[in-house]
Amino acid sequence: MEDPIETKTIKTLTLSSLKRTHDLFVGNHGQKLPLDETSSRKKLACKIGDEYALVRDMAPQMTNKSASVGPSAPAEPGSSNVPRPPKVDSDGAGPSSADAKPEKSSAIQRMIDDIPKAGEALVSGNTALVTFKGDENSNSGALSLAQDSNTKQTSASLIRRLPSKWPKPDWHAPWKLYRVIAGHLGWVRSVAVDPTNEWFVTGSADRTIKIWDLASGQLKLTLTGHIEQVMGLAVSDRHPYLFSCGLDKQVKCWDLEYNKVIRHYHGHLSGVYCLKLHPELDVLMTGGRDSVCRVWDMRTKTQAMCLTGHDNTVCDILSQASDPQVLTSSHDSTIKLWDLSTGKTMSTLTHHKKSVRAMCMHPTEYTFASGSADNIKKFLLPKGNFLHNMLSNQRTIINTMKVNQDGIMVTGGDNGSLWFWDWKSGHNFHKEQTKVQPGSLENEGGIFAMDFDVTGSRLITCEADKTIKMWKEDENATPESHPGLAFRPPKDIRRF
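All figures in this text were calculated on a predicted structure; none of them were measured in a lab.

Rules and cut-offs
- Residues numbered from 1 in each chain as written.
- Predicted model: local features only at pLDDT ≥ 70, side-chain atom pairs only at ≥ 80, totals over all residues.
- Heavy atoms only, no water.
- Phe/Tyr/Trp six-rings, centres within 6.5 Å; stacked < 30°, edge-to-face > 60°.
- Helix = DSSP H or I, 4+ residues; strand = E, 2+ residues; numbered from the N terminus.
- Buried < 20%, exposed > 50% of the residue type's maximum accessible area, 1.4 Å probe, protein only.
- Lys NZ or Arg CZ within 6 Å of the ring centre and 35° of its normal.
- Pairing = 2+ DSSP bridges.
- Axes fitted to C-alpha atoms, helices over the stretch in contact; angles between N-to-C directions.
- Salt bridge = Lys/Arg side-chain N within 4 Å of Asp/Glu carboxyl O.
- pLDDT = per-residue confidence, 0-100.
- Contact = heavy atoms within 4.5 Å.
- Expected span 1.5 Å × (residues − 1).
- Polar contact = N/O pair within 3.5 Å; in protein donor to acceptor, adjacent residues only side chain to side chain.

Digging into the packing of aromatic side chains
One pair of aromatic rings is described through two measures. These are the centre distance and the angle between the planes.
Working step 1: Scanning all chains against the criterion turns up ten aromatic pairs.
Working step 2: Measuring from ring centre to ring centre gives 5.0 Å for W187 and F448, while their planes differ by 35°; the resulting arrangement is tilted. Of the two residues, W187 sits in the loop between β3 (175-182) and β4 (188-193) while F448 sits in strand β28 (residues 447-452), which places them 261 residues apart along the sequence.
Working step 3: Owing to a relative accessible area of 37%, W187 belongs among the partly exposed residues under this scheme.
Working step 4: Note on F243 and Y265: the rings are 6.4 Å apart at their centroids and 45° apart in plane angle, and the pair reads as tilted. Of this pair, F243 sits in strand β9 (residues 241-246) while Y265 sits in the loop between β11 (260-264) and β12 (272-277), and the two are 22 residues apart along the sequence. Per residue, the accessibility class of F243 equals that of Y265, and both read buried.
Working step 5: Aromatic rings pair up to connect W175, F420, F429 and F452 into one cluster.
Working step 6: Just above the ring of F448 sits the side chain of R189; from NZ or CZ to the centre is 4.4 Å.
Working step 7: Directly above the aromatic system of Y178 lies the positively charged group of K472, at a separation of 5.0 Å from the ring centroid.

This is the structure:
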């Protein structure tokens, strides 16, 4: 009979395999793997290049200073500060072998020794503490921080300094007041300029609408019909129509050929605060205290749509030919961008923390700005991407803001402050404070509305002291005589 085959368990086989493995490698157990000199040199070269590339050329003053930074050992009592001579061998040939340094013979040490020393850089005429070779086509050339024996070098000198990427503001001449117009019997709440640049119209809390000659400032016509404050005005550039709205819930269309009201737009449930015309369509947008923006057909007087979504009063409306065709701001601190074809919100901007009472759109760029008591912010259309904050804070309620073709934005505050900004950089280059007229209270200096003329060279402001003020640039100003407020680029760019 055949002998039975002896079977082994898995545990027995595993132990025998481990024993064979141990017997195979027991000879070199505990020994370190030999280092590959080529890979070690590459690894060390990369590390030196990453961490010490900017400080390879150190001036002698820095090296001597760093060598003497450490505290010296205290002298033994009774000993002098005279340095001891080196120990000499018995034959007097030189220093003793105990003090002699070992030779640097390894490949890594030789590679470290091959790094150019500061002395070699000085011999070649390079005294730079930091050497940086930039683009040959750029104006920066090579970045170098020269070593000056009279100045103290710190660790900040080793950091590569890059120029600020914030755009520098263009120089603008300061603005000055050149005319004050009186005639209204109440707060002047709204203003609009004729597209022909011959006259402008103002609405007041005295319930009247007055038309003034732009060149002379003389009163031409007074329109009556509202029974409450006139809060918004707009002049059509395609029709001889003037549109007005007020706190009496009424929206009126005036025919300027007959100086009479020819249409009423009924539908608002409370006071109407703002009014805007579409630049291409015969469409009128109004917003008010009922928290909605109503879109009206100019000819048929019917309400085309009602844009709902705000939780508080709609303060200002912007309109443009391309999407988003309507932008609204509200006391609920939000800005909504609307798709006029569907009547729905494209996006809602929640960057502000307080009521957004004013907005303005650049005439040529695809951007707009919004003003609130917390800050003035600039956004990019069509999605409303946040660009940046203005570099200063007016620290008041912003009631109105406008921008002209030259990139000058003006904001009017509730405390009578009139600030002029450079649109590109957000720099406040000029400040004005309005003076109330004799007989008015000091707190009646608020600015409620403003507008530029067609050329952008004259500014009209409507104020709480019942006057209309007109401003223009100083013709005699130069960059040398009127440099403006100092420009300080922001150190930290906030993205909210």
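Further notes follow.
Here we look at the sheet that holds strand β14 (residues 292-297)
Working step 1: Across the sheet, which stays open at both edges, the four strands sit in the order β12-β13-β14-β15 with antiparallel pairing between neighbours. The outermost strands of the open sheet, each flanked by one partner alone, are β12 and β15 (303-308). Adjacent strand axes in the sheet meet at a mean angle of 20° when their direction is disregarded.
Working step 2: Of the strand pairs in this sheet, β14 and β15 are connected by five bridges, and their pairing is antiparallel. Looking across to β15, one finds that R294 is bridged to C306.

Structural notes on the pattern of salt bridges
Working step 1: Counted under the stated rule, the structure contains twelve salt bridges.
Working step 2: Between D290 and R294 there is a salt bridge, with its nearest N and O atoms 3.3 Å apart.
Working step 3: Put simply, D465 and K469 hold a salt bridge, and the shortest N to O gap is 3.1 Å. Judged on exposure class, the residue D465 and its partner K469 are both buried.
Working step 4: A cluster of three or more residues bridged by salt bridges with shared partners is formed by K176, K472, D474 and E475.

Examining unusual backbone geometry
Working step 1: A cis amide bond links D323 to the next residue, P324, at an omega of -10°.
Working step 2: By secondary structure assignment, the location of P324 is in the loop between β16 (314-319) and β17 (326-330).
Working step 3: Cis rather than trans, the peptide bond between L381 and P382 has omega equal to 10°.
Working step 4: The phi dihedral of N197 falls on the positive side, at around 65°, and the residue is not glycine.
Working step 5: Tracing the backbone through its elements, the reader meets N197 in the loop between β4 and β5 (199-204).
Working step 6: Given the relative accessible area of 19%, N197 is considered buried.
Working step 7: Unlike most non-glycine residues, K466 shows phi in positive territory, near 70°.

Quick look at the confidence of the model for the protein
Low pLDDT means the predicted coordinates in that region are not meant to be read closely.
Working step 1: When pLDDT is averaged along the protein, the result is 83; 75% of the residues meet or exceed 70.
Working step 2: Counted against residues more than four places away or in other chains, residues 65-83, with its pLDDT under 50, gives two contacts.
Working step 3: Considering only residues more than four positions removed or in separate chains, one finds that residues 121-151, a stretch of pLDDT under 50, has 45 contacts.

Thoughts on the sheet that holds strand β19 (residues 344-349)
Working step 1: Spatially, the four strands line up as an open sheet ordered β16-β17-β18-β19, and their pairing is antiparallel. Both edges of this open sheet fall to β16 and β19, since each of them pairs with a single strand only. Strand-to-strand, the axes of this sheet are offset by a mean angle of 25°, without reference to chain direction.
Working step 2: Inspection of the sheet shows β17 paired to strand β18 (residues 335-339) by four bridges, in the antiparallel sense. Residue pairing for β18: V326 is matched across the bridge by W338.

Remarks on helix α1 (residues 10-25)
Working step 1: Taking 1.5 Å of rise per residue, 16 residues should cover 22 Å, and α1 covers 23 Å from first to last C-alpha, within 8% of that figure.
Working step 2: The buried fraction of α1 is low, at zero of 16 residues.

Some thoughts on the side chain of T434
Working step 1: With respect to the secondary-structure elements, T434 resides in the loop between β27 (427-433) and β28.
Working step 2: Taking relative accessible area as the criterion, T434 reaches 9% and is therefore assigned buried.
Working step 3: Side-chain polar atoms of T434 contact the backbone oxygen of G445, separated by 3.2 Å.
Working step 4: Discounting residues that sit within four places of it in the chain, T434 has contacts with G416, G445, I447, E463 and W471.

Some details on the pairing of β28
Working step 1: For β28, a buried count of six out of six residues is recorded, marking the element as mostly surrounded by other parts of the structure.
Working step 2: One ladder, built from five bridges, connects β28 with strand β29 (residues 458-463); its direction is antiparallel. In the strand pairing of β29, A449 is matched with C462.
Working step 3: Counting the residues that bridge the hairpin from β28 to β29 gives five residues, and of these G456 lies at a positive phi of roughly 80°.

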